[in-house]
Amino acid sequence: MNAPRTRVQRRPVHGVLLLDKPLGLSSNQALQKVKWLLRAEKAGHTGTLDPLATGVLPLCFGAATKFSQMHLDADKAYEALLRLGQTTTTGDAEGEVLRERPVQLSSETIEAVLQRFVGVQQQIPPMHSALKKDGKALYEYARAGQVVERAPRTITVSALDRLEVPAEVQAACPPGTVLRLRASVSKGTYIRTLAEDIGEALGCGAHLIGLRRVQTGAYDLQRCITLEALQAMDAAGRLGALLPPDVLLTGHVPVMLDTDDAARFLTGLRRRGGWSDAPQVAVYGPVPAAEGTAEPETPRGGPDRVLLGTAHIQAGQLIPTRVLSPLEIAQWLQQQAEITVPTEVPS
């Protein structure tokens with residue numbers, strides 16, 4: 001008889017975890033694994049990576065989910081491996097080979113073609129994607145053998161650079177048939193489609209055999225943690241791996257309120273001050289004093305201010321956009337206290 005499954009006791013967790021998503025997991029599968037490890041109540045991710053892709057995947061928990069949409073607009077950078085001379089049904093290595101063509105390309109020809117793909121351009125999303133049409137994902141139509149019309153999107157490829165192909169990849173493919181690129185692109189760019197379009201421009205066709213997201217917005221792989229490393233940590237270590245929710249507010253103008261204005265802002269009231277107009281503002285307030293004392297709730301070494309929410313400033317008025325609840329703020333401060341308790345100094 002199978003042992004009964006232990007029910008995980010969920011808890012409020014707030015912050016952002018930069019995950020180095022492993023190969024073979026969908027973004028949602030990776031999210032659910034991390035959510036289980038943190039025992040978190042509420043979670044979401046900022047954009048998806050295919051199961052065949054690895055790399056930077058910001059995961060949002062608790063209060064941070066209120067700002068996750070803002071990070072979807074961030075530019076991204078990828079390292080992609082293209083197999084030249086073959087096109088597939090899906091545009092990647094999971095599909096069946098549709099056509100094979102010889103590859104006889106000079107380095108100069110490749111460079112010239114790559115430069116044609118740098119800049120603003122129109123891109124038609126692939127059928128094998130999660131983009132929806134009439135409430136149904138495109139990949140569902142594709143699996144049923146249907147091709148539906150897709151509107152082109154305006155994208156920007158700001159840089160497209162050749163990189164050295166790893167020796168193990170070169171050894172596994174015919175000579176001269178693998179191209180490794182670093183692509184810096186705007187939101188909504190499908191690297192699989194970019195690979196196919198480059199292949200057609202080269203006259204030999206191509207499909208994607210490897211993809212790694214190395215940067216999203218201001219965050220790169222150096223700041224990421226692997227699933228294995230997270231699994232090896234204890235509960236306090238996992239909490240310590242979380243970044244505060246305001247890391248998603250890069251580029252927002254910071255505004256600090258006093259205690260009275262902070263309390264009113266949290267109720268959704270506008271505040272008036274000598275601020276210049278700004279479309280995106282991160283609003284902070286002082287750390288509340290612990291009940292019955294004049295001391296902040298967090299221990300020495302904790303935060304000296306707390307995020308209250310986002311706003312915009314117009315004609316000297318601070319107008320709330322997304323506001324944290326007092327409960328969320330208290331929970332985040334308690335979370336910080338669990339990981340910033342100072343080590344005792346021997347007497």
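Analysis parameters
Residues numbered from 1 in each chain as written. Predicted model: local features only at pLDDT ≥ 70, side-chain atom pairs only at ≥ 80, totals over all residues. Heavy atoms only, no water. Helix = DSSP H or I, 4+ residues; strand = E, 2+ residues; numbered from the N terminus. Buried < 20%, exposed > 50% of the residue type's maximum accessible area, 1.4 Å probe, protein only. Contact = heavy atoms within 4.5 Å. Areas by Shrake-Rupley, 256 points an atom, 1.4 Å probe, with all protein chains shown as cover. Lys, Arg positive; Asp, Glu negative; His and termini not counted. Charge placed at Lys NZ, Arg CZ, Asp CG, Glu CD. Pairing = 2+ DSSP bridges. Core = buried A, V, L, I, M, F, W, Y, C linked by side-chain atoms within 4.5 Å. Salt bridge = Lys/Arg side-chain N within 4 Å of Asp/Glu carboxyl O. Axes fitted to C-alpha atoms, helices over the stretch in contact; angles between N-to-C directions. Parallel < 35°, antiparallel > 145°, perpendicular 65-115°, else oblique. Left-handed = near helix turned anticlockwise from the far one by under 90°. Nonpolar A, V, L, I, M, F, W, Y, C, P; charged D, E, K, R; others polar. 1 Å grid on protein atoms, 1.4 Å probe; cavity = no way out; pocket = protein on both sides within 12 Å on 5 of 7 lines; lining within 4 Å. Points joined across faces, edges and corners; volume = space filled by probe spheres on them.

A. A look at the overall build of the chain. Across its full length, the chain carries 10 helices and 19 strands. In terms of principal-axis extent, the alpha carbons of the chain reach across some 80 × 65 × 45 Å. Residue burial in the chain is summarised as follows: out of 347 residues, 44% are buried. Relative to all contacts within the chain whose residues are 6 or more apart in sequence, the contacts with residues 24 or more apart total 72%. Looking at the chain as shown, the accessible area adds up to about 18500 Å², and 49% of this sits on carbon and sulfur atoms. Computed over 37 positive and 36 negative side-chain charges, the separation of the two mean positions in the chain equals 5 Å.

B. How the structure looks around the sheet that holds strand S19 (residues 317-323). Spatial ordering of the open sheet is given by S15-S17-S18-S19-S16, a layout of five strands whose pairing is mixed. Each edge of the sheet is formed by a strand with only one pairing partner; in this case those strands are strand S15 (253-256) and strand S16 (271-272). As judged from the seven bridges shared by strand S17 (residues 278-286) and strand S18 (residues 305-314), these two strands associate in the antiparallel manner. Across the sheet, the residue bridging to Tyr 284 is Leu 307, located in S18.

C. View of the nonpolar core. By size, the foremost hydrophobic cluster in this structure holds 44 residues, and its most contacted members are Leu 17, Val 34, Phe 61, Leu 82, Leu 160, Ile 191 and Ile 198. Listed in part, the 32 residues of the second largest apolar core include Ala 63, Phe 67, Leu 248 and Val 287.

D. Fine view of the pattern of salt bridges. A full pass over the atoms with the stated rule returns eight salt bridges. Linking Arg 271 and Asp 261 is a salt bridge whose minimum nitrogen-to-oxygen distance equals 3.0 Å. Of the two residues, Arg 271 is situated in strand S16 and Asp 261 in helix H9 (residues 259-266); the sequence distance between them amounts to 10 residues. Look at Arg 271 and you get buried, because its relative accessible area is 17%. Linked through salt bridges whose partners overlap, the residues forming this network are Asp 50, Asp 92 and Arg 192.

E. How the structure looks around the packing of helix H3 (residues 107-116) against helix H6 (residues 191-202). Axis separation between H3 and H6 bottoms out at 10 Å; the angle between their running directions is 130°. Classified by the angle their axes make, H3 and H6 are oblique. Two packed elements cross with a definite hand, and for H3 against H6 that hand is right-handed. Residue-level inspection shows Thr 109, Ile 110, Val 113, Leu 114 and Arg 116 of H3 in contact with H6, the latter providing Ile 198, Ala 201 and Leu 202. Residues that form the contact of H3 with H6 fall into these classes: six nonpolar, one polar and one charged.

F. View of the layout of surface pockets. Reported here for the largest pocket is a volume of approximately 1100 Å³. Thr 48, Asp 50, Ser 129, Ala 130 and Tyr 190 are the residues nearest the centre of the largest pocket, which is lined by 37 residues in total. Counting residues per element, the lining of the largest pocket draws most heavily on strand S12 (residues 206-216), at three residues. A class-by-class count of the residues in the lining of the largest pocket yields 14 nonpolar, 13 polar and 10 charged.

G. The arrangement of unusual backbone geometry in detail. A positive phi angle is found at Arg 39, which is not glycine, with a value near 60°. Here Arg 39 shows up in the loop between helix H1 (27-38) and strand S2 (43-45). For Arg 39, a relative accessible area of 30% gives the class partly exposed. Of note in this structure, Ala 315 is not a glycine but carries a positive phi near 55°. With respect to the secondary-structure elements, Ala 315 resides in the loop between S18 and S19. Taking the relative accessible area as the measure of exposure, Ala 315 reaches 58% and is therefore exposed.

H. Structural view of empty space enclosed by the protein. Here the structure, examined in full by the defined rule, presents one cavity of 30 Å³ or more. Roughly 50 Å³ of internal volume is contained in the largest cavity. Looking at the lining of the largest cavity, the elements with two or more residues in it are strand S4 (76-84), strand S11 (178-185) and H6. Sorting elements by how many residues they give to the lining of the largest cavity places H6 first, with four residues.

I. Structural context of the environment of Leu 249. Checked against the element boundaries, Leu 249 lands in the loop between helix H8 (235-240) and S15. Those residues in contact with Leu 249, other than ones at most four positions away along the chain, are Phe 67, Met 70, Ala 282, Leu 307 and Thr 310.

J. Structural context of the pairing of strand S10 (residues 153-163). The sheet contact formed by strand S7 (residues 119-123) and S10 spans five bridges and is antiparallel. Bridging from a neighbouring strand, Gly 119 pairs with Val 157 of S10. Across six bridges, the pairing between S10 and S11 is antiparallel. Bridge pairing links Val 157 to Val 185 in S11.

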